[in-house]
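# Secondary and tertiary structure notes
Chain by chain, the residues run as shown.
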Amino acid sequence: MKVSKRLRKHGIEFVLLAALVADLVLLHTGTVFRATVLIFGLLYLYHRREARLDAAASEPIRESMTTEHIRNLERTYTLRDDFNTPEKRALLRSPLDRHYYHYRYERVQALVSQWIGDCPRRLDLGCGFGKNTIYMAREHPGTVVGLELDDLKLMEATKRYAGEDTPAGLSFVCGDATRPPFGPASFDGMLMTEVLEHVVDPSAALKACSDLLRDGGLLVLSTPSRHDLNYTCNPFVFLEKCLSLADDLFLPPYHNLHAQFEYNRRNPEPAYGMHYHFSHRQLEILLDEAGFDTVWRGSFEIEFFPFLVVEFLAQNRPEMIRAAVAPVESILQKLPLIRHLGQHLLWVARKRPGAGA
């Protein structure tokens, strides 16, 4: 059976952690404890050094990016025959990541139903292939608009959902999230899922959201987090993530780039797109400056090391992965600290009266 690269990496960390705990609780030699703490410390310092160097190397690339550059990169990937539908994009991922890819829609749609399902006018900003857009239109009737920068994705969405079962009030529009083609206060509720990280200026995108919402309107948002555990068994990394919830100073810098893989200065790809990862504090400040008050926040895709073991044992059986991972994650999402350490932030914010245009 094939062992994934990340299982090998974090499996070694797990063995070291088990040795540390065994020496602390059972052996009491002190030697193993000190040796494993030293190894974890060196690995942590290496992790911080690599993060700093990648961030520095990525800066010129990020500074040269424009919205047109991002649009062209999106088109390049959408034109690929293995990447031109949500289902095909999911199949390119590892079995565990594929589970999370589908689960993301479920998690976001639950928030949509809870917070903006009753809003008469809703916008899915950066709707992609339209899965969440069509969910809103079918499950919660009213005016629903999907806005997407990539016209090829929009064509796929329109083709996919055209026909007799197309819900009344549903429409798709091609446009830029930072300069949407709608008037002020056009919507009562808005969804922005996995979009904010891709725009050149996230602050401008959130201010555009504020302008488009009526006073008291709600924004449901999901975006990558800088607090994610990344399946680590290194206690120094875990401590860093926990402390970072209180202050961003504990976080290493981040490169904010992505193409087919995460940016790595040692193995560069031909072209990258913007891919911000936000801290709780960063996102809260951006929302406040745009005229929003936080109503609720959480996270999902909590990258817990035992899930990698489940992925290995399941051997590409998605139903086994879901049966093992989903119940455990539902418990993790209720724990006071752990619930904020997922790979993606979830946020619900309300527009303050008088904010925006």
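Our subject is the structure listed above.
Attention in this report is confined to the structure presented alongside it. Only a predicted model underlies this, so the values are computations on that prediction, with no experimental measurement involved.

Rules used in this analysis
Residues numbered from 1 in each chain as written. Predicted model: local features only at pLDDT ≥ 70, side-chain atom pairs only at ≥ 80, totals over all residues. Heavy atoms only, no water. Buried < 20%, exposed > 50% of the residue type's maximum accessible area, 1.4 Å probe, protein only. Helix = DSSP H or I, 4+ residues; strand = E, 2+ residues; numbered from the N terminus. Pairing = 2+ DSSP bridges. Right-handed = clockwise from strand over helix to strand, strands pointing away. Polar contact = N/O pair within 3.5 Å; in protein donor to acceptor, adjacent residues only side chain to side chain. Contact = heavy atoms within 4.5 Å. Patch = residues over 30% accessible without salt bridge, like charges linked within 9 Å, V, L, I, M, F, W, Y side chains within 5 Å. Areas by Shrake-Rupley, 256 points an atom, 1.4 Å probe, with all protein chains shown as cover. Salt bridge = Lys/Arg side-chain N within 4 Å of Asp/Glu carboxyl O. Lys, Arg positive; Asp, Glu negative; His and termini not counted. Charge placed at Lys NZ, Arg CZ, Asp CG, Glu CD. Core = buried A, V, L, I, M, F, W, Y, C linked by side-chain atoms within 4.5 Å. Axes fitted to C-alpha atoms, helices over the stretch in contact; angles between N-to-C directions. Disulfide = S-S within 2.5 Å. Phe/Tyr/Trp six-rings, centres within 6.5 Å; stacked < 30°, edge-to-face > 60°. Lys NZ or Arg CZ within 6 Å of the ring centre and 35° of its normal.

Okay, the pairing of strand β4 (residues 187–193) next. Sheet faces and side chains relate simply in a regular strand, where the side chains alternate between the two faces. Of all seven residues in β4, seven are buried; the element is thus mostly enclosed. As paired elements, strand β1 (residues 121–125) and β4 share three bridges and run parallel to each other. For Leu123, the partnering residue across the bridge sits in β4 and is Met190. One crossover worth recording links β4 to the parallel strand β5 (residues 213–224) by way of helix α8 (residues 202–212), and it is right-handed.

Attention shifts here to the side chain of Asn256. Inspection of the secondary structure puts Asn256 in the loop between α9 (235–244) and β6 (257–258). With relative accessibility at 11%, the residue Asn256 sits in the buried group. Among the polar contacts listed, one links the side chain of Asn256 to the backbone nitrogen of His277, at a separation of 3.1 Å. Once you skip the residues sitting within four places of it in the chain, Asn256 turns out to touch Arg62, Gly273, Met274, His275, Tyr276 and His277.

With that settled, consider a positive patch on the surface. A surface patch of like charges, here positive, comprises Lys2, Lys5, Arg8 and Lys9. As for its placement among the helices and strands, Lys5 is situated in helix α1 (residues 5–27). Relative accessible area serves as the criterion here: at 68%, Lys5 is assigned to the exposed category.

Time to look at a nonpolar patch on the surface. A surface patch of nonpolar side chains, amounting to about 490 Å² of accessible area, comprises Val21, Leu24, Val25, Leu26 and Leu27. Tracing the backbone shows Leu24 in helix α1. Here Leu24 falls in the exposed class, since its relative accessible area comes to 51%.

Counting residues in hydrophobic clusters, the biggest one holds 38 residues, and the most contacted among them are Met192, Leu196 and Leu219. Counting residues per element, the ones that place at least two in this core are α3 (67–78), β1, β2 (143–148), β4, α8, β5, α10 (280–289) and β9 (344–351). Tallying contributions element by element places α8 first for this core, with four residues. Not counting residues within four places of it along the chain, the set of residues in contact with Leu196 comprises Pro202, Ala205, Leu206, Leu221, Thr223, Tyr276, Phe278 and Leu283.

The next point concerns the pattern of salt bridges. The tally for this structure, following the rule as stated, stands at 22 salt bridges. Between Arg80 and Asp82 there is a salt bridge, with its nearest N and O atoms 3.0 Å apart. Linked by salt bridges that have partners in common, Arg49, Glu50, Asp54, Arg265 and Arg266 make up one network.

Attention shifts here to the sheet that holds β4. If you trace the seven strands from one edge of the open sheet to the other, you get β3-β2-β1-β4-β5-β9-β8, paired in mixed fashion. Only two strands of the sheet have a single neighbouring strand rather than two, namely β3 (170–174) and β8 (292–300). Shown here is a sheet whose adjacent strand axes are inclined to one another by a mean of 15°, direction ignored. Of the strand pairs in this sheet, β1 and β2 are connected by five bridges, and their pairing is parallel. For Arg121, the partnering residue across the bridge sits in β2 and is Thr143. In this fold helix α5 (residues 95–115) packs onto β4, β5, β8 and β9, with an angle of close to 150° to the strand it touches most, β8. The strands touched by α10 are β5, β8 and β9; relative to β9, the strand with the most contacts, the crossing angle is about 20°.

Tallied over the full model, the rule gives zero disulfides. Summary of cysteine pairing: Cys127 is not part of a disulfide, and the nearest cysteine sulfur, belonging to Cys174, is at 9.4 Å. Residue Cys233 stays outside any disulfide, its sulfur separated by 14 Å from that of Cys242, the closest cysteine. Relative accessible area serves as the criterion here: at 9%, Cys233 is assigned to the buried category.

This brings us to the packing of aromatic side chains. Tallied over the full model, the rule gives nine aromatic pairs. A centroid spacing of 6.4 Å and a plane angle of 70° characterise the contact between Tyr103 and Phe300, whose relative ring orientation is edge-to-face. Here Tyr103 is found in helix α5, whereas its partner Phe300 is found in strand β8, with 197 residues between them in sequence. Residue Tyr103 is classed as buried on the basis of its relative accessible area of 13%. An angle of 85° between the planes, with centres 5.5 Å apart, marks the rings of Phe304 and Phe307 as edge-to-face. Using a relative accessible area of 33% as the deciding quantity, one classes Phe304 as partly exposed. When the ring centre of Phe83 is taken as origin, the NZ or CZ atom of Arg80, which lies over that ring, is 5.1 Å away. The ring of Tyr105 has Lys131 sitting right over it, with the charged end atom 4.4 Å from the ring centre.

What follows concerns unusual backbone geometry. In this structure, Glu194 takes a positive phi of about 55° despite not being glycine. Residue placement: Glu194 occurs in the loop between β4 and α8. Non-glycine residue Tyr231 carries a positive phi angle of around 65°. Looking at the secondary structure, you find Tyr231 in the loop between β5 and α9.

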